[in-house]
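Structural description and commentary
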Amino acid sequence: GTAKRLRTIAKAAESYVEGYGVPLIRAVRRGDPSALSAEVTEEGKRRVDVLRSRFLSLTLAERARLNAQTDETDNDFRRAMVAAFIGLALTVLLVVLFTGYLTRTVVLPVTRAATMAGRLAAGDLSARMAETGSAEIGDLERSFNAMADSLDRSQADQSRLLDQQSALRRVATLVAQAAPAADVFEAVTREVGLLSGADVARMERYEPDTTVTGVAA
């Protein structure tokens, strides 16, 4: 590792100073001519080359380690960006799906309920809702349909009551005007037939001899 290389360089530098530099300086001070010899100079150059080589090796190793760390950091950054993008896309997708779910299960049924309420208020008692919702929305749809059914039945009952009252009024008018019995019988038969929804209505009288006589039709 880096610490081991630094210790090796420190030992080489210490060896250079103590094994070469200090003895050389002492020899020069003594005036020893061997201090300037080619062998001594070559030895110094060799030691310096060793130090330089080890420094270069350390520099290259550290540069490679730094590049590797930089590449790893870049890869981590890219992975983080991809993960963030995927997370954002999933969040948007969930929001879209949830919005669609709310629209389908809440907004549309409530809109249909409002439309149906408007039709009922305008007198269209045939308006009904599809009971496809769940929970409170389903209860709302069923309640609106039940209310429409009740209003429809009430209107039908009221219409029948008005028809019956009109029929009685017409017959009572004939009686009050002292109309002939045949006219009264015919009017009663017609009104009963119309009120009951029959295709044909007849009024008959049973005679004492068990025969039947047609009175009106």
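Use the structure listed above.
How each quantity is defined
Residues numbered from 1 in each chain as written. Predicted model: local features only at pLDDT ≥ 70, side-chain atom pairs only at ≥ 80, totals over all residues. Heavy atoms only, no water. Helix = DSSP H or I, 4+ residues; strand = E, 2+ residues; numbered from the N terminus. Rg over C-alpha atoms; globule rule 2.2 N^0.38 Å. Buried < 20%, exposed > 50% of the residue type's maximum accessible area, 1.4 Å probe, protein only. Contact = heavy atoms within 4.5 Å. Core = buried A, V, L, I, M, F, W, Y, C linked by side-chain atoms within 4.5 Å. Polar contact = N/O pair within 3.5 Å; in protein donor to acceptor, adjacent residues only side chain to side chain.

Per the secondary structure count, the protein includes four helices and two strands. Helices (α) and strands (β) of the protein occur, in sequence order from the N terminus, as α-α-α-α-β-β. Against the 2.2 N^0.38 benchmark of 17 Å for 217 residues, the protein shows a C-alpha radius of gyration of 57 Å, more extended than a compact globule. C-alpha atoms of the protein, sized along the principal axes, occupy 175 × 35 × 20 Å. The proportion of buried residues among the 217 residues of the protein is 15%. Of the contacts made within the protein by residues no fewer than 6 positions apart, 42% connect residues no fewer than 24 positions apart.

Now for the nonpolar core. Among the nonpolar cores identified, the biggest contains eight residues, and these are A113, M116, L120, L125, A127, M129, F144 and A148. Breaking this core down by element, the ones donating at least two residues are α2 (38–121) and α3 (135–176). Per-element accounting of this core gives the leading share, three residues, to α2.

So, on to the environment of T173. Its place among the elements puts T173 in helix α3. By relative accessible area, T173 is classed as partly exposed at 37%. With eleven residues separating them along the chain, T173 and V184 place their C-alpha atoms 9.7 Å apart. A polar atom in the side chain of T173 sits 2.7 Å from the backbone oxygen of R169.

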